[in-house]
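Single-letter residue listing:
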Amino acid sequence: MQLATEAARKWWLWGLLAVLLCSSSCAIHFRRPTTTVEALRISEVVSEGDAARRASNRLVVKGLDADSQQQSDRALGIYEEALRVDATNPYAYLAIARHHVDGDDPTWALSFVDKAGSLFRADGGVSPRVEPHLVGLRGQALYASGQIDAGLPLLEQAWTVAPDVWADGQLSASELR
Amino acid sequence: MAARKKKAASKKAASKKKGAKKKPARRKAPARRRGWIRPLGRVAAVAAVVVGFWASSWVLEQDRIVRAKFEGRRFSVPSRVLSSPTVLYPGLDWKRIELPETLGRLGYREDSGSGELPSGRYRWGRGRLRVHLRAFDHPSRQEPSRDVGIRLAGNFIDSIVELPGQGEVGMVVLEPELVGAYYGPEEREQRDLVRLDELPRHLSDAVLAVEDQRFESHHGVDFRRILGAFLANVRAGGIRQGASTLTQQLVKNFFLTPEQTLQRKFTEAVMALLVEARYDKEAILESYLNEIYLGQRGSTEVHGVGEASRFYFGKRAQDLSVSESALIAAIVQSPNRLSPHRHPDRALDRRNLVLGLMLEQGRITRAEHDKAHEETIRVASVTPEVGESRYFLDVLRRQLPEVYDRDVLAAEGLEIYSTLDPRLQRAAVRALLRGLERIEAKYPALREEDPQRRLQGCLIAMRPQTGEVLALAGGRSYGDSQFDRCTQARRQAGSTFKPFVYIAGLEPRDGTPAITTASLLDDAPLEVDTNQGVWKPRNYDHEFRGPVTVRHALEGSLNIPVIRLGMEIGVDRVVDVARRLGVTSDLPRVPSLALGTAALAPIEVARAYATIANGGIRPQPHTFEDVVARGETLERRKLRFERVLDAGVAYLATSLLEGVVDRGTGRRVRSMGIEGPVAGKTGTTDDEYDLWFVGFTPELVAVVWVGFDEPRTIGVQSSWGALPIWVDFVKDAYGKRVRGLFSAPPSVRELEINPETGAVAMAGCPVRANEVFLRGTEPTRICDWQNTDGEPDEGSSGRRPQRGGSFWDRIFGR
């Protein structure tokens, strides 16, 4: 009888331990991400990639400078030149999306966000530092084009992950630069 | 009133008295004589009035002409089309982009000296190239003049530094090249308008010194010079010297014909006087410097000092030296006889004469004279007319908004920044011509002497991401036929249409696609009831293979499986896909559409494949970026595109088309030496009237079509007709190794299958290959590896099968 009680206590202890372990690991696994990231700036990647990509990114940075100085047409011309040097440069599409989201027809930005996203994924995946830009720009484009219900959650998501840039719900040229 | 009458009467009387005092009484003429003089006088008076009236109205008419020409638009300036600028950056293959030739075409001149390098010159050193880049304005940038050193490592640019500080620069941009110009129907004059206040003083001085040294003081006609010339000509016994002033020359060029008649000379003098009366000397001189004929570039006339500066020295007129200005002034007299390109000695003698006159007239100092006199004549290489781009120019004109009609383009001097890449354009033209000649050499029966009946072809290259048309060769020779086969011809698409059918099948409808890349389609005899009777389609080789995978069917360009698929999913779905990809031509809703019986333009095919290459995002093919008039941007094309196909489906199609190039009907791409990511599709119509090859890399899509304008059998397969032209073009443009990567989007999963059955390959499966699927559509059937009966023939499946090796390999799947 004593032996049986001893065994039951052991099993009970082991069971309790297992439940504790399981619940803590589940809690770790399923907890909401609260860590933030420093959103990527394109000037950080101008020395990455092959020669064409580097040159193309330098042009993107120049375009962002032009955008910062409100030289809209000039900026767009430079982004397109960046695509001429490297048509598969996702950062160029990202910059064009940012440019359009402030323009007359923000929905145009969506296809550029989409394109940038596919190219990032094709290049080896979307980095966590780029993700908020893709999500935020999509949200901003949807919001600006009147699809508030679709846009707000995305903006909120971008803001949660990269509050340093997305706290105001928009991405300026200098923030992307 | 009465007082006024009285005053008038007394005035009359006074005048009578006065006359009586002054003139003695005349002897009365006989009555008969008096009778005819008076009528004659009247006739003379009337004639004088009529002549005076006529002369006045004639002068007024000349004045009207002068005013209309001077105050309206003075010159018709053909609009220029420019290429996209060339960006130089470290890592770029400078030989591949033909850097020295590009500099030459842009008018840069090699400099062999040392020390300071003037703008527009370049100098080779050991392992480095120094270029003094010119400043230029572009709609998206203003590039300053920069002296840069380009360090070279083999074929590549190692670094670029700005001189003299040696600061490293990431990139530099060369100005756009001239692609061509739009001329009016009757004139082929090219000029680059300049303002007098922009020009160096020594340029106008040089022209005045030799053409009209008293320009500042005469009034349009120099009577002193006429007298001098008259005496000189009398002494010489013939016309040796002219006396036309600069104003008269301008009038002659502006308003009159070149005929040598007294009437024309008289009109010229009157008009010259009118011009001088109405306009100041600066305006006249500026018009003259923009109007004067200064040489010939092929069939195009070079007019004005601005254009001549670019033509002879590859630089702006503002940057001309004293010696160069004197040379331009020297050739005014007879630009072809004194051409520095063809007769440098004559040009040098005449230039020295001009320099002497400038010194004599005090327009330059002795030191300036001596320095300029010492300079040898160094002219830029003649930029050939870019006849090879004429088809492209026609397409561009049609794409411009209607407001830019032929008249506007021929006269308004617009600058149109195009998408053309001159290097790719030359490669396209070369590849097309070489390819057609190769076919004719191999099959002499195809050779036709009549240029209108010759074997033709076209090549169009596009950047899939943006839709920029990079090169377009619409036929063998624009001179022989202006019909552009890339954009104006509609020809049966043949097997190049088949991928659209497979895409329609791969695209999920209601969550499920009709097929996957590994689905089996039946390649067995088929009979289709049509309005014309029973249709019994066959494969190209008249063989039937039984069940084949989708991949195998497309790689081998089999007809029966694609017809079956088209009929199964319905022709409407096929048409819908083709439309979304960018096909706009009529598509007959019949089963044979799956075989490409629809007639499409190569540019449509290029757009549709560009959409696949671009991951399902459809670009808008375009040929220009900006239209600029005197520094103001009139039109700016905005980059636009639209997702029309799921990225995963586009990737599956790309993967299937990679298979066509790696193992299928397009495998000659590989055997001819192209490496790297390439996808493509051959197309030969049933009757062999049309040969196609569409190929794309991650950065370029190019379509080649070969055929006769009046359809007739060629008797060659596209892999021997159109494909080699594509390979030749890509090799010339990019080399053997193409850049980039086709990467799968997250919605695509790669899985090992048995390529003969389409079942998932497990350990021990005798034949295995990787295949791509949309997530959720992977096959569920497992490869039955124990069933080794009827071991499949490797050749029947083009996919590289990996056969199971030893027992342990089969067990553990190594």
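The structure presented is a predicted model; accordingly, all values stated were derived computationally and were not measured.

Procedures and definitions
Residues numbered from 1 in each chain as written. Chains lettered and ligands numbered in written order. Predicted model: local features only at pLDDT ≥ 70, side-chain atom pairs only at ≥ 80, totals over all residues. Helix = DSSP H or I, 4+ residues; strand = E, 2+ residues; numbered from the N terminus. Buried ≥ 20, exposed ≤ 12 C-beta atoms within 10 Å, placed from the backbone. Contact = placed C-beta atoms within 7 Å. Nonpolar A, V, L, I, M, F, W, Y, C, P; charged D, E, K, R; others polar. Pairing = 2+ DSSP bridges. Axes fitted to C-alpha atoms, helices over the stretch in contact; angles between N-to-C directions. Parallel < 35°, antiparallel > 145°, perpendicular 65-115°, else oblique. Expected span 1.5 Å × (residues − 1).

### Notes on the overall build of chain A
Within chain A, the secondary structure is distributed over nine helices and zero strands. Listing the helices and strands of chain A from first to last along the sequence gives α-α-α-α-α-α-α-α-α. The buried share among the 177 residues of chain A stands at 48%. Across chain A, every contact between residues at least 6 apart in sequence was considered, and the portion connecting residues at least 24 apart equals 54%.

### Focus on unusual backbone geometry
Residues and elements named next belong to chain B. Cis geometry is adopted by the peptide bond preceding Pro164, which originates at Leu163 and carries an omega value of 5 degrees. Mapped onto the elements of the fold, Pro164 is located in the loop between strand 9 (156-162) and strand 10 (167-168). At Glu98, a position not held by glycine, the phi torsion is positive, near 55 degrees. One can find Glu98 in the loop between strand 2 (86-88) and helix 3 (99-105). Assessed through the 15 C-beta atoms surrounding it within 10 Å, Glu98 is described here as partly exposed. One non-glycine residue, His542, lies in the positive phi region at around 65 degrees.

### Here's the deal with the interface of chain B and chain A
Tallying the contact residues gives 31 residues for chain B and 23 residues for chain A. Looking at the side of chain B that touches chain A, the elements that each hand over two or more residues are strand 27 (632-636) and strand 28 (641-643) of chain B. Top contributing element to the side of chain B that touches chain A by residue count: strand 28 of chain B, with three residues. A class-by-class count of the residues in the side of chain B that touches chain A yields 14 nonpolar, 10 polar and seven charged.

### Things to note about the sheet that holds strand 26 (residues 624-629) of chain B
All names here are of chain B. Spatial ordering of the open sheet is given by 12-1-16-26-27, a layout of five strands whose pairing is mixed. A single partner strand is all that each edge strand has here, and the edge strands are strand 12 (178-182) and strand 27. Mean inter-strand twist for the sheet, computed between neighbouring axes without regard to direction, equals 25 degrees. Pairing between strand 1 (residues 79-82) and strand 16 (residues 415-418): three bridges, direction parallel. Looking at strand 16, one finds that Arg80 is bridged to Glu415. Along the sheet face, helix 13 (residues 390-399) touches strand 1, strand 12, strand 16 and strand 26 and points at about 60 degrees away from the line of strand 12.

### Some words on the sheet that holds strand 8 (residues 146-153) of chain B
All names here are of chain B. Read from one edge of the open sheet, six strands run 3-4-5-8-9-10, paired in mixed fashion. In this open sheet, the two edge strands, each paired with only one partner strand, are strand 3 (109-110) and strand 10. Summarising the sheet, strand 5 (residues 128-133) and strand 8 pair through six bridges and their orientation is antiparallel. Paired with Leu133 across the strands is Arg146, a residue of strand 8.

### Remarks on the pairing of strand 14 (residues 293-297) of chain B
Residues and elements named next belong to chain B. In the sheet, strand 14 pairs with strand 15 (residues 300-303) via four bridges, with the strands oriented antiparallel. In the sheet register, Tyr293 faces strand 15, and the bridge partner there is His303. Connecting strand 14 to the next strand, strand 15, in antiparallel fashion are two residues, including Gly298 with a positive phi near 60 degrees.

### Things to note about the packing of helix 6 (residues 246-255) of chain B against helix 7 (residues 262-278) of chain B
Angle between the axes and distance between the axes are the two parameters that describe a pair of packed helices. All names here are of chain B. Orientation of helix 6 relative to helix 7, taken along the N-to-C sense of each, is 110 degrees, at an axis distance of 9 Å. In this view, helix 6 runs roughly perpendicular relative to helix 7, as classed from their interaxial angle. Touching Thr247, Gln248, Val251, Lys252 and Phe255 of helix 6 are Glu268, Ala269, Met271, Ala272, Val275 and Glu276, all from helix 7. Looking at side-chain class alone, the contact of helix 6 with helix 7 contains six nonpolar, two polar and three charged residues.

### Quick word on the pairing of strand 29 (residues 679-684) of chain B
Residues and elements named next belong to chain B. Within strand 29, six of the six residues are buried, which leaves the element mostly enclosed by the surrounding structure. Of the two faces of strand 29, the one lined by Ala679, Lys681 and Gly683 and the one lined by Gly680, Thr682 and Thr684 are each fully buried. Counting the residues that bridge the hairpin from strand 29 to strand 30 (residues 690-697) gives five residues, and of these Glu688 lies at a positive phi of roughly 60 degrees.

### Looking at the environment of His552 of chain B
Residue placement: His552 of chain B occurs in helix 17 (residues 550-555). With 32 residues separating them along the chain, His552 of chain B and Leu520 of chain B place their C-alpha atoms 9.2 Å apart.

### What to know about helix 3 (residues 72-85) of chain A
Taking 1.5 Å per residue, 14 residues should reach 20 Å; helix 3 of chain A reaches 20 Å between its end C-alpha atoms and fits that length. Burial within helix 3 of chain A is extensive, with 12 of its 14 residues counted as buried. Turning to helix 3 of chain A, its buried residues are Arg74, Ala75, Leu76, Gly77, Ile78, Tyr79, Glu80, Glu81, Ala82, Leu83, Arg84 and Val85 of chain A. Tucked inside the fold, the buried residues of helix 3 of chain A contact helix 2 (51-68) and helix 4 (90-101) of chain A together with strand 2 and strand 7 (141-143) of chain B.

All quantities given are derived from atomic positions and should not be read as evidence of function.
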